[in-house]
Amino acid sequence: VAASAVPTVRPAVNRFLASLSQADARRLEPLLASVEVRAGEVLHSPDAGYEHAYVYFPTSCLISLLYSTREGASVEVAVVGTDGLVGDVAAHTGAAPTHHAVVQIGGQALRIGPAVLRAQAAASESLRRALWCYTYALMTQIVQISVCNTVHPLHQRLCRWILVCRDRLGIREIPATQEMIARLLAVRRESVSHAAVSLQTEGLVRYVRGHVQIVDAARMEAAVCECHGVIRDAYAHLVEAMP
Ligand SMILES: [Zn+2]
């Protein structure tokens, strides 16, 4: 089974930081603080704004970007793991975010003050370019998830969600209950259960103690809609385009 190549233990490394030039990595390293973030912790919100909120580079946690409607519904518009970072790094407009950044799966992250990162980016063209490239890949993910949520059937959206999380965490066992997935996909719990049972019956995944375990990654990748590939390719190009 292809999934066996992917470890079950979360590797503690942030791939965005790991792909920076040596000079940028050396300058940033002493400025990053290692922190533990817990599931449910809100890292950014429309109320607090970005100005005093840290920028986070997950090393073993998963963070959802969620839009909440006035009626109280919320939907996941992007997910960030060890592939990237959360925070206002590109625009520095001073505008508050329109979404929340919430820890879905707790773990470790490295963080830096926004003004400190901004000063580093001002001094390094290669770091600026890396941040722009990342922002573009994140934008691609946001666009694709919005397309996926609008036009693709739920069992494919569920496959896409599981595979995107796997890519972000670098593991094939994702700590997620069906209730949590239903909330993030903004659908009823019963609908997710129905789709989840059919994935399990087909032998693609297994649910063990609040974890989704990918059993057959190759068949899942064959069953998922194009959205997973579009998101994966955007991040692959990001790594290739890094200075
Ligand atoms: Zn899709």
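Before reading on, note that the structure itself is shown above.
The following refers to the structure shown. Note that the coordinates shown come from a computational prediction; the quantities given were computed from them, not determined experimentally. Residue positions are given per chain, counted from 1 along the sequence in the order it is written. With the structure being a predicted model, the display of local features is reserved for residues of pLDDT at least 70 and the display and counting of side-chain atom pairs for 80 or more, all residues being used for whole-chain, interface and lining totals. With hydrogens and water stripped out, all remaining heavy atoms of the structure feed into the side-chain values.

1. Examining the overall build of the chain
- Helix and strand content of the chain: nine helices and 10 strands.
- Overall, the chain is about 55 × 45 × 30 Å in size when its C-alpha atoms are taken along their principal axes.
- Each residue's exposure class comes from its accessible area (1.4 Å probe, protein chains only) as a fraction of the maximum for that residue type: buried when under 20%, exposed when over 50%, partly exposed otherwise. For the chain, with 243 residues in total, the buried portion stands at 49%.
- For the accessible areas, the method is Shrake-Rupley and the probe is 1.4 Å, while residue cover comes only from the protein chains on display. Just so you have it, the chain exposes about 11400 Å², and 55% of that area is on carbon and sulfur atoms.
- All tallies of charge rest on Lys and Arg as positive and Asp and Glu as negative; His and the ends of each chain are not included. A charge is said to be at NZ when it belongs to Lys, at CZ for Arg, at CG for Asp and at CD for Glu. Taking the 22 positively charged and 21 negatively charged side chains of the chain as two groups, their mean positions are separated by 3 Å. Working definition: helices are DSSP H or I runs of at least four residues, strands are E runs of at least two. Numbering for both runs from the N terminus.

2. With respect to the coordination of the zinc ion
- Atoms are scored as donors when they are N, O or S and lie within 2.8 Å of the metal, with 3.2 Å used for Na, K and Ca; no water is included, so coordination may look incomplete. Summarising the metal site, the zinc ion is bound by the protein donors Cys-148 (SG), His-152 (ND1), Cys-225 (SG) and Cys-227 (SG), whose distances to it range over 2.2 to 2.4 Å.
- Viewed at the metal, the four donor atoms of the zinc ion are separated by angles of 93 to 120 degrees, and the geometry they form is tetrahedral.
- Mapping the donors of the zinc ion onto the primary sequence yields the spacing C-x3-H-x72-C-x1-C. Of this pair, Cys-148 sits in helix 4 (residues 125–151) while Cys-227 sits in helix 9 (residues 226–241); the two residues are 79 residues apart in sequence, bridging distant segments of the chain. Sites are called tetrahedral only when four donors show all angles between 85 and 135 degrees, square planar or octahedral only when four or six donors show opposite pairs over 155 degrees and all other angles between 65 and 115, and irregular in any remaining case.

3. What to know about unusual backbone geometry
- In this model, Ala-186 sits at a positive phi of 55 degrees, which is unusual for a non-glycine residue.
- Summarising the element assignment, Ala-186 is placed in the loop between helix 6 (178–185) and helix 7 (189–201).
- Although it is not a glycine, Arg-209 sits at a positive phi angle of roughly 40 degrees.
- On the secondary structure map, Arg-209 appears in the loop between strand 9 (205–208) and strand 10 (211–214).

4. Thoughts on the sheet that holds strand 3 (residues 55–58)
- Two strands pair under a simple rule: DSSP has to find at least two bridges between them. Pairing in this open sheet of three strands is antiparallel, and the strands run 1-7-3 from one edge to the other. Whereas interior strands pair on both sides, the edge strands pair on one side only; in this sheet they are strand 1 (33–37) and strand 3. Each adjacent strand pair in this sheet contributes to an overall mean axis angle of 40 degrees, direction not counted.
- Sheet analysis places strand 3 next to strand 7 (residues 107–112), joined by four bridges and oriented antiparallel. Following the sheet pairing, Tyr-56 is matched in strand 7 by Arg-111. The axes are straight lines fitted to the C-alpha atoms, using for helices just the contacting stretch, and the angles between their N-to-C directions are given from 0 to 180°.

5. Overview of the packing of helix 5 (residues 154–169) against helix 9
- Between helix 5 and helix 9, the shortest axis-to-axis distance is 9 Å and the interhelical angle comes to 20 degrees. One finds that helix 5 runs roughly parallel with respect to helix 9. Here helix 5 runs over helix 9; the crossing is right-handed. Between helix 5 and helix 9, the contacting residues are Arg-160, Leu-163, Val-164, Arg-166, Asp-167 and Arg-168 on the first element and Cys-227, His-228, Ile-231, Arg-232 and Tyr-235 on the second. Under this scheme an angle from 65 to 115 degrees is roughly perpendicular, one under 35 degrees roughly parallel, and one over 145 degrees roughly antiparallel; angles in between are oblique. Note on convention: near helix rotated counterclockwise from far helix by under a right angle means a left-handed crossing. Clockwise means right-handed. In what follows, a contact means two residues having at least one pair of non-hydrogen atoms within 4.5 Å.

6. A word on the pattern of salt bridges
- Each reported salt bridge corresponds to a side-chain nitrogen of Lys or Arg within 4 Å of a carboxyl oxygen of Asp or Glu. Counted by the stated rule, this structure contains seven salt bridges.
- Of the charged contacts, one joins Glu-190 and Arg-188 as a salt bridge, the two residues approaching to 3.4 Å between their closest N and O atoms.
- A relative accessible area of 55% means that Arg-188 is categorised as exposed.
- Its salt-bridge partner being Asp-216, residue Arg-219 comes within 3.5 Å of it at the nearest N-O pair.

7. A word on the nonpolar core
- The set of buried Ala, Val, Leu, Ile, Met, Phe, Trp, Tyr and Cys residues whose side-chain atoms join them within 4.5 Å is what this entry labels a nonpolar core. If you look at the biggest cluster of nonpolar residues, it comprises 72 residues, and the most contacted ones within it are Phe-16, Trp-161 and Ile-162.
- For Trp-161, the residues in contact, after removing those within four places along its chain, are Glu-76, Ile-174, Ala-176, Met-180, Ile-181, Leu-184 and Leu-185.

8. Some thoughts on helix 3 (residues 114–123)
- Along helix 3, the residues that are buried comprise Pro-114, Leu-117, Gln-120 and Ala-121. The buried residues of helix 3 occupy an angular sector of 125 degrees when the element is viewed end-on, so they sit on one face. Within helix 3, the exposed residues directed more than 90 degrees away from the buried face are Ala-122 and Ala-123. Each C-beta atom gives one direction from the helix axis, and the arc is the one those directions make.

9. Focus on the packing of helix 4 against helix 9
- Viewed as axis vectors pointing N to C, helix 4 and helix 9 meet at an angle of 175 degrees, and their least axial separation amounts to 9 Å. One finds that helix 4 runs roughly antiparallel with respect to helix 9. Residues Arg-129, Ala-130, Cys-133, Tyr-134, Ala-137, Leu-138, Thr-140, Gln-141, Gln-144, Ile-145 and Cys-148 of helix 4 lie in contact with helix 9, whose contacting residues are Cys-227, Val-230, Ile-231, Ala-234, Tyr-235, Leu-238 and Ala-241.

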